[in-house]
Amino acid sequence: MPPASVRPASVRPAPVRPVRVRFAPSPTGRLHVGNVRTALVNWLFARAYGGSFLLRFDDTDAERSRPEYVEAIRADLRWLGLAWDEEAFQSARAARHAEVVASLKADGRLYACYETPDELEYKRRRQRARGLPPIYDRAGLALSDDERASLEAEGRRPHWRLKLDHADIRWDDLVRGPCHYDAAHLSDPVLVREDGTLLYTLPSVVDDIDMGISHVIRGEDHVVNTAVQIQLCRVLGGTPPTFAHLSLMTDAGGGGLSKRLGSLSVGDLRDEGLEPLAVSALLARLGTSDDIQAVESLDALVAGFDLSHFGRAAPKFDPADLSRLNARVLHGMPYETARPRLTALKADGGAAFWDAVRGNLERFADAAEWHAVAFGDIVPRLGAPEDAGFLRTALEALPEETPDAPWDGQTWAAWTGALKAATGRKGKGLFMPLRLALTGQAKGPEMAALLPLMGRARAADRLRRAAADPSSLA
Ligand code: GLU
């Protein structure tokens, strides 16, 4: 991973307009990692510039949009800690969209077309066969009133296309740099379907204008839409927002994000026990020149955020990075943050317990296992039969625990030091049988920290059971 190159916030060039960004999911499914990245980058941008972050549900597709997905998206954003300043539904603005459609029709900017999907496909195939780009031929625009009337008499209903000005469309993309499209190379986009419902383009542009959106930050799969939207925005008398298109993530091998990874939802990540902060730390910096590292809060991500650090190369999304970051987030988590969650897990063993075990957690829920090691019941293990005698010796040498001489961080060293002198064992041969007997596991937190937590009675009992029970052989 490249070294950190976080610029101080003061070096960020100030955007010329007050920052107002939107995250505009269609509530037709759960948020997946790609959406989350878009949401997060918009949120960070708003926070970094003291702007507003709007949650806008692009729910004009009445058939596929579902209230339960609205709720799920809200819950996912809350889980990630991405609070929004305002919420809007495109469906609530249908009257405004209809008004704009009517005015575009009146201006001759929207024109009726009658081709069926099959007819359009046939045209495209013919164009390709002749080596021409499959651009709509504007046949609809050439129809006379009589021709239209007779098509309608046949029972055909029109869909409506925006007549593009055949000019260069340019913008300065905050990630991709200067971009331009020759509108003559684009098909006039369909804005209204036969049944009168709207495709995404028009509501999006109208709402971006009406809601004063200053910056549109989204995936590069929208780049061509952007060219059309900029022109439509100008036709409607608006000032196009500034655009930034993030490169799409690929999987670790560099191929497009597989279906499995691409559809990985926030719910899946949560069910896997991942920390929201690990998800954010990865997705906020993937594709940037910044070091990907665990952070203690979203504020730390805001402080280091700079959109200009995003590059054009496709970043690799690797779940293994997520696991690593997750562990690091837990290792750095203060007790006060962990406490309510430990309580919910019935695993709150106090600050000393948390400090002893957090460095060994991969998932937060692992704390419950260590809680049992420290305070509950486990199955002690005997590594090898010849260790039984050693464990009996260890039991005899176990220091007393009295109110005057409580067990503390020195007890382990004192005990094992004495055992080393008495038995000649050292290193792994000395420590491993004790760890296996006392924790039931070959790896784990520092024994010096665990031993005082479990206390003498529990430790003695485990040594006795491990030494005696042949069924506890590993
Ligand atoms: N609803 C669109 C989507 O989810 C929004 C795209 C945009 O940001 O304009 O792809």
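Residues numbered from 1 in each chain as written. Predicted model: local features only at pLDDT ≥ 70, side-chain atom pairs only at ≥ 80, totals over all residues. Heavy atoms only, no water.

Engineer: What exactly am I supposed to notice about the site of the ligand here?
Structural biologist: All residues in the neighbourhood of the ligand are listed as Arg22, Ala24, Ser26, Asp58, Tyr200, Ser204, Arg218 and His222. Between an oxygen atom of the ligand and a side-chain N or O atom of arginine 22, the distance comes to 2.7 Å. In this structure, an oxygen atom belonging to the ligand sits 2.7 Å away from a side-chain N or O atom of arginine 218. A total of 290 Å² of accessible area belongs to the ligand in isolation, and the protein chains cover 78% of it. The site holding the ligand turns out to be the largest pocket. A class-by-class count of the residues in the shell around the ligand yields two nonpolar, three polar and three charged. (Near = heavy atom within 4 Å. Polar contact = N/O pair within 3.5 Å; in protein donor to acceptor, adjacent residues only side chain to side chain. Areas by Shrake-Rupley, 256 points an atom, 1.4 Å probe, with all protein chains shown as cover. 1 Å grid on protein atoms, 1.4 Å probe; cavity = no way out; pocket = protein on both sides within 12 Å on 5 of 7 lines; lining within 4 Å. Sits in = over half its atoms within 2 Å of the grid points. Nonpolar A, V, L, I, M, F, W, Y, C, P; charged D, E, K, R; others polar.)

Engineer: Explanation requested: the pairing of strand S3 (residues 86-89) in the structure shown.
Structural biologist: Looking down a regular strand, the side chains alternate between one sheet face and the other. Two elements, strand S2 (residues 52-57) and S3, share four bridges in a ladder whose sense is parallel. Residue pairing for S3: phenylalanine 57 is matched across the bridge by phenylalanine 89. One crossover worth recording links S2 to the parallel S3 by way of helix H2 (residues 67-80), and it is right-handed. (Pairing = 2+ DSSP bridges. Helix = DSSP H or I, 4+ residues; strand = E, 2+ residues; numbered from the N terminus. Right-handed = clockwise from strand over helix to strand, strands pointing away.)

Engineer: Help me out: how do you make sense of the pattern of salt bridges in this one?
Structural biologist: It is possible for side chains of opposite charge to pair when their charged atoms get near one another. Taken as a whole and assessed by the stated rule, the structure comprises 35 salt bridges. Two residues, aspartate 145 and arginine 148, come together in a salt bridge whose shortest N-O distance is 2.6 Å. Within this pair, aspartate 145 and its partner arginine 148 are both found in helix H5 (residues 145-153), separated by three residues, close to a single helical turn. A salt bridge links arginine 324 to aspartate 321, with the shortest nitrogen-to-oxygen separation between them at 2.5 Å. Of this pair, arginine 324 and aspartate 321 both sit in helix H12 (residues 319-331), three residues apart, which is roughly one turn of that helix. Taking the relative accessible area as the measure of exposure, arginine 324 reaches 42% and is therefore partly exposed. The exposure class of aspartate 321 is buried, given its relative accessible area of 13%. (Salt bridge = Lys/Arg side-chain N within 4 Å of Asp/Glu carboxyl O. Buried < 20%, exposed > 50% of the residue type's maximum accessible area, 1.4 Å probe, protein only.)

Engineer: Even after reading the chapter, I still don't get the UniProt feature "binding site: ATP" (unreviewed entry) in the protein, so can you show me in this structure?
Structural biologist: Here, the residues flagged by UniProt with the feature "binding site: ATP" (unreviewed entry) are Lys259. Tracing the backbone through its elements, the reader meets lysine 259 in helix H8 (residues 259-262). The class of lysine 259 is exposed, set by a relative accessible area of 76%. (UniProt positions renumbered as here; feature names shortened; annotations may be inferred.)

Engineer: What should I look at first to understand unusual backbone geometry in this one?
Structural biologist: Of all residues except glycine, most have a negative phi; of all peptide bonds, most are trans. The phi angle at arginine 138 is positive, at roughly 65 degrees, despite the residue not being glycine. With respect to the secondary-structure elements, arginine 138 resides in the loop between helix H4 (117-129) and H5. The backbone phi angle of lysine 346 is positive, close to 55 degrees, even though this residue is not glycine. Looking at the secondary structure, you find lysine 346 in the loop between helix H13 (335-344) and helix H14 (350-357).

Engineer: Please clarify how empty space enclosed by the protein should be interpreted in this entry.
Structural biologist: As enumerated under the stated definition, the model contains two cavities of 30 Å³ or more in all. Of the pockets and cavities examined, the largest cavity occupies roughly 50 Å³. Forming the boundary of the largest cavity are Leu44, Ala284, Arg285, Thr288, Asp290, Leu301, Gly304, Phe305, Asp306, His309 and Phe310. The residue inventory of the lining of the largest cavity, partitioned by class, reads five nonpolar, three polar and three charged. (Points joined across faces, edges and corners; volume = space filled by probe spheres on them.)

Engineer: In this structure, what is going on with the sheet that holds strand S5 (residues 159-162)? I would like to understand it.
Structural biologist: Backbone-to-backbone hydrogen bonds pair the strands of a sheet. The strands run either parallel or antiparallel. Pairing in this open sheet of three strands is antiparallel, and the strands run S4-S5-S8 from one edge to the other. On the outer flanks of this sheet lie strand S4 (110-113) and strand S8 (190-192), each paired with one strand and no other. Across this sheet, the average inter-strand angle for adjacent strands is 45 degrees, counted without regard to direction. Here S5 pairs with S8 via two bridges, running antiparallel. (Axes fitted to C-alpha atoms, helices over the stretch in contact; angles between N-to-C directions.)

Engineer: Just checking my understanding: could you explain the packing of helix H15 (residues 366-375) against helix H19 (residues 447-468) for this structure?
Structural biologist: The contact between H15 and H19 brings their axes to 7 Å, and the two run at 60 degrees. Relative to H19, the element H15 is oriented oblique. In this structure, H15 uses Ala372, Val373, Ala374 and Phe375 to contact H19, whose residues at the interface are Leu450, Leu453, Met454, Arg458 and Arg462. Its residues assigned to classes, the contact of H15 with H19 shows seven nonpolar, no polar and two charged. (Parallel < 35°, antiparallel > 145°, perpendicular 65-115°, else oblique. Contact = heavy atoms within 4.5 Å.)

Engineer: Whenever I open this one, the packing of aromatic side chains confuses me. Can you help?
Structural biologist: For any pair of aromatic rings, the description consists of the separation of the ring centres together with the inter-plane angle of the planes. With the rule as written, the count across this model stands at nine aromatic pairs. Centre to centre, the rings of phenylalanine 305 and phenylalanine 310 are 6.2 Å apart; their planes meet at 55 degrees, and the pair counts as tilted. Pair check on accessibility: phenylalanine 305 and phenylalanine 310 agree, each one buried. One residue, lysine 105, lies across the ring of tryptophan 160, its end atom 4.1 Å from the ring centre. One residue, arginine 425, lies across the ring of phenylalanine 390, its end atom 4.3 Å from the ring centre. (Phe/Tyr/Trp six-rings, centres within 6.5 Å; stacked < 30°, edge-to-face > 60°. Lys NZ or Arg CZ within 6 Å of the ring centre and 35° of its normal.)

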